[in-house]
Each structure stands twice: as structure tokens, then as C-alpha cells.
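Topology and contacts: notes
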Amino acid sequence: MKVMLKLEGINKKLGDFRLKDININIPEGGYFVLLGRSGSGKSQLLELIAGLKKPDSGKIWINNEDVTNKKIQERKTGLVFQDYAIFPNMTVYGNISYSLRCSGEEKNVIRKRVEHIAGELNIAHLLDRVPINLSGGELQRVALARTLITSPGVLLLDEPLASVDASLRDDIRRLLRQLNRKGITIVHVTHDYREAVSLASCVGVIHNGSIIQSGHPDDVFSNPVSRFVARYSGIRNFYRVRFIGEDGKWKARSEAAVDFVLEDGVYPDDGLIIIRSDSIKIHLNKPEDACINCYRGVVRDIIPSDYGMEITVDAGERFFVDITRDEFRNLGINEMSEVWLSFVPAAAVALKGSG
Amino acid sequence: MIRQTPFSLLMLFLSSLVLLFILAPLTGMFLHTAGSDLLETVNDDDVRQSIWLTLWVSFAATFVFAFVCIPLAWIMARKEFPLKSMVQGLIDLPVVLPHTAAGLAVLGFISREGVLGKAADTIGLTLVNNPAGIALAMAFVSVPFLINSARDGFAAVPERLEKAALTLGASPSRVFFTISLPIAWRSIITGFIMMFARGMSEFGAVVMVAYHPMIAPVLIYERFSSFGLAYARPVSVLFVLVALMIFIFLRLISVTRKEVRYEGNAEA
């Protein structure tokens, strides 16, 4: 498949911060989500791709063309800023038509193209309005229209859902998916892993200026290489352990002396174990005699969550367990209830990195 | 209604004092000027000519210097370079100089022995005692007002707007004229009005380079020193009235300009 965007060994010093050896390959029509905390360098990377900054070393290829030293105007990238950067001194029409006026298009051509893109993004009724009166969702669409009208080879989105009301996020997410389906290659930076899960065909996790893991979202989130990446996939159960092999069977012993039975495999002397919150089951009574990883504990906290309810259980170690609201109702537990926890050996995953 | 605390009452009292301090002398001047004296002054050719001279020379100085002050303001707002704080100090220097000293400096520069004076002399122009010399003296003491106000205006333009324009294919000059300048416009207009006002009220620097032709502040001083307070007062009142009318007019224009700005952009 044709590579649309390729970053090769990009390094850039920005004050005390440094982007280090960034390598990315995004195929044509790919949707790449770059996950990272604020200050991790993800927005800087977008500015490097757009040409607003030049890398200290490394190369940027767009559509098989080395654009590292090309002017911003010649790169065929479109950048949508987090707060949209809509020009306040122009109407919506003035904003969307800006790039066409820069390239000296004829007025009737400009009008046709603006009306077409505004129709596609459902903002045709806003063309004569001034930005100051628009909602966050409307501004987002204006910013997208203003960028898409340039027919960019790569669409760069800086936290596109961060400044939009929760009620509008689904609309924008659907819109981004539609754009991607039409074949537009998208690079989307965010701090929210749920955006990556719902949109990305490929995800990269950036931390302290380096991409520490990349790949298909399922692979990255089910096999995180470090505690940092695991945290991004919503995992909260981390345990530092010693790995103990006896008669070909492996178990891990936590610092609080809780033992986890593991699947067969090869393990180092010590490391980190993660268990997804939705892989742990809660029971009112001890499940059955053959239960392998079973622990008695006391409920310490119950918090409503996206999934349903997050139950915190103290069972020697602290476990965070996600259950649905129906399960919660059926269990009838409250804080200080005694419960049993269980999970299969495959749910306890040893991290490859040091964590 | 906000409840008045002893502290806010004290602040209100002190604020009233300073407002009274500004208002009282001006009110006194107006109250002591008879309508007949004012009418006579309006019909005085010397007065009319000097007020007109003051206005157009100050406006011309502001207009011409805007072409160099605005680029400097943009550089001060957007660029980092060695000795930038020294350049800022240099810009502010005319504000802290005694104006007669500033006038002497300008006189040295524009007299026949000075660099600019010599250059002007080669095309047959004498800057001393000439409106051009007056304009330079006015500009010397008033440029900081335009530069600093415009600089604040450019600094307040979010850089990401300029970056967004660049990514949309605009050249740096187009970004300046379509984004930075229109958004900073209000501060530039405010600076323009302040420079114009400061220029037309200048006495010390102007009197050193041109006693004649007489601008209004020099004429007021001349009337006062030759004939006394009663003769100088109607000229002052007239000048203050004209200045007030012009400032109100310019303020109204600058507000209207802001509103036009939004609509004027559906240009394509």
C-alpha cells in the first residue's frame, strides 16, 4: 500500500524539551492517532509535519516526496488547531474561502467550492455569520471546511474533540470517520485513548518526546509495553511482582505477598503485572473449589463509570473492578461488603518493558 | 446596587479628588471666557491659521510616521533578537526626555549643519521654521505612543491564527495584511490617536525648531507672555474645543471601523 506520510528519524529540540527519533509510516487512507499527555510533544510533531517548524534532523515524506525543506504552502497538509484558530475578523465564508483567495482563484469558482464544502459539512446556513456567534461544534466544522477545501494530502488534527461539548463529540467523531472513509489520510493527536479506540487504524503512544509503542489499537491496548501505555488503555490494576517458576508452572508474587497464577510462558525474575478491570469477576461467595486466582476482599469504594460501576476492593492488594449496572444491582453490594474476586490466568499479563 | 464598604468609599473619595483636579482648571478656564471673547477669537485669522496648522501638521506627522512605526511595532511584538530590551528603551526615550532638550536635539539634526538639514538643503528645503521641521519635532516626542500601542495590539494577536493562515497557503506578507493588521487595528488606531494628540499638544520641542509659523500651543504662550492671561484664555478654550471634537470624531470612526471589519470580509 502506498505510504502517504513517513517520518524518518525526526529529532527536534524545543527549549528544554526534545522530540527524539520519531519514525512513523502512515498508508494512504490511514487514520493514525497519536496518544500522549499534554507536553509530550504531540502538537509540536504536527507543527513539524505542517512545516511551521523545521526538524533538527530527520526527513519528512509526503506522498513519496521529501518535503523536509519545503515551504509550508507547498506541503499539501492541512492543520486544524485545537481551538480551531478561526479568523475573528472574517465571516465564515471569509474563513473557508481564505486559502482559495490566497491562490488567486476566480470569485465564482471560490463561491462554488465554498458552498459545496459547506453543504457537505452542514454549515451552509452559517456562511454569512461572524465566528464570535458560533458554538464549539460549528467552529469545529468551519475549521475542518477551511482546511478540507485545500484538498490536503494529509489532514492533521490537534485534539479535535477536546474543546467540543460531550453531546457533539459523537457527531464530530462520525464526521471524521466519514472523511477517512473517503480516503483522506488523517493524523489525529489526543490525550484520550477512547478516541484512538473508536477512530484509529493505527495508534502511536508518545511520551517525553519519543514514540514508545505503535501499531493496531487492539495490539497496543491488549499488549502494552509499559505501565504508561497500559494506563492509557484504562488499566488501573498494576502490581510489581517477582516471578516464581515451580515444576514448569508460573506464578507472580506481589509486594503485598498476593500470588497470581500465570499462563505458561517465559518470565524474568521480576517485573510488572497488569489485569484489566473488566477481566475480574466479583462474587458474593467463593466461586468453586477449583478456582485458581480467587481472593477474598472488602469493598472500599463504588464509583459510577463509563462502563457501569467501578468497584475498589481491598484483597491484600487493591483491585479495581468494572461491572455493569445490572451486575451491580444483582450483587447488592455496598461499601464494606465482603466479596470474592476471581480471574483467569490469561487475564494477568506481564509487561514486556520495565514499566 | 453594590454595598459600599468604608474601603470602597475611601477609594471613591480619592478617585473623585483626581477627577476634580483634571476638571476644575478646565472648567474654570471655560467659565472665565466670555462668549463675545470666544467669538472674536474664532474670527481671528492668526488663531484660525495656527489651529489649522497644528492639526494638519500633527496629523501628517502621525500618518507618515505610521508607515515606519507599524513595522517596528510588529517586529517588537513578534521577533526575538539581541539587545531587544535596549531597542525598547530607545523607543521610550522621547517620553522621558525634557521636551526642550528633545527640541534641541531635533534642531541640531535639521539645522543646516545637521545631517537631515544638509540633505534637505540640497533640494532647497529649509526645515527650521518650516511645517516639515514642526512635524519632525512633534513626531520625535510622540512616536512612542503609536509604536507601543501597535506593539501591544500585534502581541495580542494569537500566533496560531497567523500559523493557521500560513498552513492555508498565505505568504507572510498576506498573513500580515489579512490577519495581524486587521486584528491589531483597534490598538493601532488608539496609538494613532494618541500620537496625533501628543503631537498637537507639543510646545517645548516645537518652539525650539519653529517659533514661526506658530502652532496653537506657541500662539497661546505668545499671547500669554505678551498680553496676559485674559488674551491667552479664549485661544486655549477654542483649541481645547476643537481638539475635543476631533477626538470624539476619531473615536467614533475607530469603533465604526471595527464593526465594518467583520462585514467587509465577505469580500470574495
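Cut-offs used in this document
Residues numbered from 1 in each chain as written. Chains lettered and ligands numbered in written order. Predicted model: local features only at pLDDT ≥ 70, side-chain atom pairs only at ≥ 80, totals over all residues. Pairing = 2+ DSSP bridges. Helix = DSSP H or I, 4+ residues; strand = E, 2+ residues; numbered from the N terminus. Axes fitted to C-alpha atoms, helices over the stretch in contact; angles between N-to-C directions. Contact = placed C-beta atoms within 7 Å. Buried ≥ 20, exposed ≤ 12 C-beta atoms within 10 Å, placed from the backbone. Nonpolar A, V, L, I, M, F, W, Y, C, P; charged D, E, K, R; others polar. Parallel < 35°, antiparallel > 145°, perpendicular 65-115°, else oblique. Left-handed = near helix turned anticlockwise from the far one by under 90°. Core = buried A, V, L, I, M, F, W, Y, C linked by C-beta atoms within 7 Å. Domains from an automatic or database assignment. pLDDT = per-residue confidence, 0-100.

**Topic: the sheet that holds strand β12 (residues 249-254) of chain A**
Residues and elements named next belong to chain A. Ordered in space as β13-β12-β11-β14-β20, the five strands form an open sheet in which the pairing is antiparallel. Every other strand in the sheet has two partners, leaving β13 (259-261) and β20 (348-350) as the edge strands with one partner each. For this sheet, the mean angle separating the axes of adjacent strands, direction not counted, is 40 degrees.

**What about the sheet that holds strand β4 (residues 57-62) of chain A?**
Residues and elements named next belong to chain A. Pairing in this open sheet of four strands is antiparallel, and the strands run β2-β1-β4-β5 from one edge to the other. On the outer flanks of this sheet lie β2 (17-27) and β5 (65-66), each paired with one strand and no other. In this sheet, β4 lies alongside strand β1 (residues 3-14) in antiparallel orientation, the contact comprising five bridges. Each bridged residue has a counterpart across the sheet, and for E8 the counterpart in β4 is K59. Against the sheet, helix α1 (residues 42-50) makes contact with β1, β2 and β4, and its axis sits at roughly 120 degrees relative to β1, the strand it touches most.

**What about α1 of chain A?**
Each full turn of the α-helix corresponds to 3.6 residues, which orients residues three or four apart in the same direction. Residue and element names in this part refer to chain A. The element α1 is largely enclosed, with a buried count of eight among its nine residues. Taken as a whole, α1 has its buried residues at K42, Q44, L45, L46, E47, L48, I49 and A50. One or two positions beyond α1, positive phi appears at G51, with a value near 95 degrees.

**Some details on the interface of chain B and chain A**
Across the contact, 20 residues belong to chain B and 27 residues belong to chain A. Where the side of chain B that touches chain A is concerned, the elements lending two or more residues are α8 (159-167), α9 (172-200) and α12 (229-263) of chain B. Considering every element that reaches the side of chain B that touches chain A, the biggest residue donor is α8 of chain B, with seven residues. Residue composition of the side of chain B that touches chain A, grouped by class: 12 nonpolar, three polar and five charged.

**Overview of the packing of helix α2 (residues 92-102) of chain A against helix α3 (residues 107-120) of chain A**
Residues and elements named next belong to chain A. Running from N to C, α2 and α3 point in directions that differ by 130 degrees, and their axes come no closer than 10 Å. Taken together, the axes of α2 and α3 lie oblique to each other. As for how α2 packs across α3, the hand of that crossing is right-handed. From α2, Y93, I96, S97, L100 and R101 reach across to α3, where they touch I110, R113, V114, I117 and A118. Along the lines of polarity and charge, the residues of the contact of α2 with α3 split into seven nonpolar, one polar and two charged.

**Section: the nonpolar core**
Core analysis: the largest hydrophobic core is formed by 160 residues, its most contacted members being F32, L156, V187 and I273 of chain A together with L146 and V206 of chain B. Of the residues forming this core, the biggest block, 14 residues, is contributed by helix α7 (residues 131-155) of chain B. Taken domain by domain, the makeup of this core includes at least three residues from each of domain 1 (3-225) and domain 2 (237-350) of chain A. Every residue in contact with V206 of chain B, bar those within four places of it in the chain, is listed here: G103, I134, A137, M138, I215 and V218 of chain B.

**Here we look at the pairing of strand β19 (residues 338-343) of chain A**
All names here are of chain A. Along β19, the buried face is formed by V339, L341 and F343; none of E338, W340 and S342, which line the opposite face, is buried. One ladder, built from three bridges, connects strand β15 (residues 281-283) with β19; its direction is antiparallel. Looking at the pairing, H283 lines up with W340 of β19. Sheet topology note: the strand β16 (residues 293-304)/β19 ladder contains six bridges and is antiparallel. In the sheet register, G297 faces β19, and the bridge partner there is V339.

**Points about the packing of helix α3 (residues 45-78) of chain B against α7 of chain B**
Relative orientation and spacing of two packed helices are given, respectively, by the angle between their axes and the distance between those axes. Residues and elements named next belong to chain B. Two elements in contact, α3 and α7, have axes separated by 6 Å at closest approach and are oriented at 40 degrees. Regarding the angle of α3 to α7, the classification is oblique. In terms of crossing hand, the pair formed by α3 and α7 is right-handed.

**Some details on the confidence of the model for chain A**
Across chain A, pLDDT averages 90, with 98% of residues at or above 70. Confidence, expressed as mean pLDDT per element, reaches its minimum in chain A at helix α8 (residues 227-232) of chain A with 81 and its maximum at α2 of chain A with 96.

**Description of unusual backbone geometry**
Omega for the peptide link from H212 of chain B to P213 of chain B comes to -10 degrees, which places this bond in the cis form. You can see P213 of chain B is positioned in the loop between α10 (204-209) and α11 (216-227). Backbone geometry places N122 of chain A, a non-glycine residue, at a positive phi of 60 degrees. Along the polypeptide, N122 of chain A turns up in the loop between α3 and α4 (136-148).

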